[in-house]
Amino acid sequence: MNIQMVDVKSQYLKIKDQIDSGIQEVLNNTAFINGPKVKQFQEEFEAYLDVKHVIPCANGTDALQIAMMAMGLRPGDEVIVPAFTYVATAEVIALLGLVPVMVDVDYDTFNISLIGIKNAITAKTKAIVPVHLFGQSADMESILKIAEDNNLFVIEDNAQAIGSDYMFDDGRKAKAGTLGHIGCTSFYPSKNLGCYGDGGAIMTNDDKLGVLLHKIANHGQSVRYYHDVVGCNSRLDSIQAVVLSAKLPHLDDYCNARIQVANFYDNAFAEIDQIETPHRAHYTTHVFHQYTLKVKDGKRDDLKKYLDDQKIPSMIYYPVPLYKQEAFKDSSNGLENLAMTELLCKEVISLPIHTEMDQEQLKFISEKVMAFFNK
Ligand SMILES: *Cc1c(COP(=O)(O)O)cnc(C)c1O
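Residues numbered from 1 in each chain as written. Predicted model: local features only at pLDDT ≥ 70, side-chain atom pairs only at ≥ 80, totals over all residues. Heavy atoms only, no water.

Colleague: Quick rundown of the packing of aromatic side chains? Include the residues and the values.
Modeller: Scanning the entire structure with this criterion turns up 18 aromatic pairs. Aromatic side chains Tyr86 and Tyr318 sit 6.5 Å apart centroid to centroid with 35° between the ring planes, which places their arrangement in the tilted category. On the criterion of sequence distance, the pair formed by Tyr86 in the loop between β2 (78–82) and α5 (88–95) and Tyr318 in the loop between α11 (300–309) and α12 (339–347) is long-range, its members being 232 residues apart. What makes Tyr318 buried here is its relative accessible area of 11%. (Phe/Tyr/Trp six-rings, centres within 6.5 Å; stacked < 30°, edge-to-face > 60°. Helix = DSSP H or I, 4+ residues; strand = E, 2+ residues; numbered from the N terminus. Buried < 20%, exposed > 50% of the residue type's maximum accessible area, 1.4 Å probe, protein only.)

Okay, here's the thing in structure tokens:
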């Protein structure tokens, strides 16, 4: 059986006609950069997220960098990030001469720990970057409260949870990525809303920040050749915008297909004591960018090897805490041995999950996992 972690090809074939004709249209009119297709996707995405400003850009890492640049921070300022995340989150902070302060995560949700944040705040702290890891939002209501009490910016790294809803205590609902001062996302092909190359976007409901973010992404200019601030060059190209416009109307279905896969796995693994299935927080929908198990008793690496032998792909997101990465030896703040981060790096394993999985594949994978645990 041919099983993949993600199946971008089969998903493409279902909307091939629309995508092919859209790309052909761009080729015909040659508006490759900043053409009407980019503007169109921007507006569609603003409507979907119910957010005032979307700033399309070249990739998710750029989105984070541009968000950091818009905060007007100074070298040495501290930015709090989870230690258990993809490198991009902390990388852009270090790149700008700011200090990534890496804190522990919550064992259940994999998301940044509230106590970790509180303990890390100093006079130099300027911002918090919660990462909505694996497809569910961090505890944003509490994080926004901590930020407000301490006068901090909140930049959401929403590369993995696009489409996820957040429910506030008072019943209000909003999309992950539109909750903080700025949200960032990635359209890398394997993300829940992926294009066919690199792409990203920045979101904000703040009009002033909206103008500034657009400006920074475009060489610091609003009027051509008049540069108000130091910016960068970060654009979504028209061909990627066509792909995203074709896929956006299906995003909720894509998320639901992932949730169905997660439900199947949850049921299949319910009886296995040595694995813990993903926890679903009450304040957010989980859109399962990844389906990540925790494997107890030091069995994770053996399970991985067993699945490899059965030709079932699996991934370890993430094997090493950020503060143990050589790259951050000098630039982070020296926090180490964060208990939950260390434990999760040893226990996690992500199974195949995507929009095109069928029952046969799911049965095959779950039976093999159960067989490993003698079930
Ligand atoms: C994918 C990802 C990014 C970076 O996105 P790119 O488009 O690859 O630059 C940032 N943060 C997280 C959590 C991601 O998963």
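Colleague: Describe the layout of surface pockets, naming the residues involved and giving the relevant values.
Modeller: Looking at the largest pocket, its volume works out to about 690 Å³. Around the largest pocket sit 36 residues that line it, and Tyr86, Gln160, Tyr188, Lys191 and Tyr318 are the ones nearest its centre. Counting only domains with at least three residues in the lining of the largest pocket, you end up with domain 1 (8–249) and domain 2 (251–374). Every residue lining the second largest pocket is counted, 15 residues in all, and those nearest its centre are Asn34, Gln42, Pro56, His214 and Asn218. Elements represented by at least two residues in the lining of the second largest pocket include exactly α3 (36–49), β1 (53–57) and α8 (207–217). A breakdown of the residues in the lining of the second largest pocket according to their chemical character gives 5 nonpolar, 7 polar and 3 charged. (1 Å grid on protein atoms, 1.4 Å probe; cavity = no way out; pocket = protein on both sides within 12 Å on 5 of 7 lines; lining within 4 Å. Points joined across faces, edges and corners; volume = space filled by probe spheres on them. Domains from an automatic or database assignment. Nonpolar A, V, L, I, M, F, W, Y, C, P; charged D, E, K, R; others polar.)

Colleague: Quick rundown of helix α2 (residues 16–29)? Include the residues and the values.
Modeller: Residue pairs three or four apart in sequence face the same way in an α-helix, which turns once every 3.6 residues. Across its 14 residues, α2 extends 20 Å between first and last C-alpha, which sits within 8% of the 20 Å expected from 1.5 Å per residue. Where α2 is concerned, the buried positions are Ile19, Gly22 and Val26. One side of α2 holds all its buried residues, which, seen down the axis, span an arc of 70°. When the buried face of α2 is taken as reference, the exposed residues oriented beyond 90 degrees from it are Asp17 and Asn28. Looking at the packing, one finds that the buried side of α2 touches α1 (8–14), α3 and α9 (238–247). Thr30 sits one or two residues past α2 and shows a positive phi near 55°. (Expected span 1.5 Å × (residues − 1). Arc of directions from axis to C-beta. Contact = heavy atoms within 4.5 Å.)

Colleague: Summarise the nonpolar core; cite the residues concerned and give the values.
Modeller: Counting 34 residues, the largest nonpolar core has Val79 and Ile182 as the members making the most contacts within it. Elements that contribute at least two residues to this core include exactly β1, α4 (60–70), β2, α5, β8 (182–186) and α8. A domain-level breakdown of this core finds at least three residues from each of domain 1 (8–249) and domain 2 (251–374). Ile162, Cys195, Ala201 and Leu236 belong to the second-largest nonpolar core, a separate cluster that totals 27 residues. (Core = buried A, V, L, I, M, F, W, Y, C linked by side-chain atoms within 4.5 Å.)

Colleague: Provide a residue-level description of the state of the cysteines, including the pertinent values.
Modeller: Applying the stated criterion across every chain, the model contains 0 disulfides. Free of any disulfide, Cys184 has its nearest neighbouring cysteine sulfur in Cys57, separated by 7.6 Å. Given the relative accessible area of 1%, Cys184 is considered buried. Free of any disulfide, Cys195 has its nearest neighbouring cysteine sulfur in Cys57, separated by 11 Å. Here Cys195 falls in the buried class, since its relative accessible area comes to 0%. (Disulfide = S-S within 2.5 Å.)

Colleague: Lay out the packing of α4 against α8 in plain terms, naming residues and giving numbers.
Modeller: Contact geometry for α4 and α8: axes closest at 9 Å, N-to-C directions at 120°. The pairing of α4 with α8 is recorded here as oblique in orientation. Classified by chirality, the crossing of α8 by α4 is right-handed. Of α8, the residues touching α4 (which contributes Ile66, Ala67, Met69 and Ala70) are Leu209, Leu212, Leu213, Ile216 and Ala217. Grouping the constituent residues of the contact of α4 with α8 by class yields 9 nonpolar, no polar and no charged. (Axes fitted to C-alpha atoms, helices over the stretch in contact; angles between N-to-C directions. Parallel < 35°, antiparallel > 145°, perpendicular 65-115°, else oblique. Left-handed = near helix turned anticlockwise from the far one by under 90°.)

Colleague: With reference to specific residues and values, describe the site of the ligand.
Modeller: Around the ligand, the neighbouring residues are Asn59, Gly60, Thr61, Leu64, Tyr86, Ala88, Val131, Asp157, Ala159, Gln160, Ser186 and Lys191. In this structure, Thr61 approaches the ligand through a side-chain N or O atom, which is 2.5 Å from an oxygen atom. For the ligand, whose accessible area on its own is 380 Å², the fraction buried by protein is 92%. With 3 residues, α4 is the single largest residue contributor to the shell around the ligand. Within the shell around the ligand, the residues separate by chemical class into 5 nonpolar, 5 polar and 2 charged. (Near = heavy atom within 4 Å. Polar contact = N/O pair within 3.5 Å; in protein donor to acceptor, adjacent residues only side chain to side chain. Areas by Shrake-Rupley, 256 points an atom, 1.4 Å probe, with all protein chains shown as cover.)

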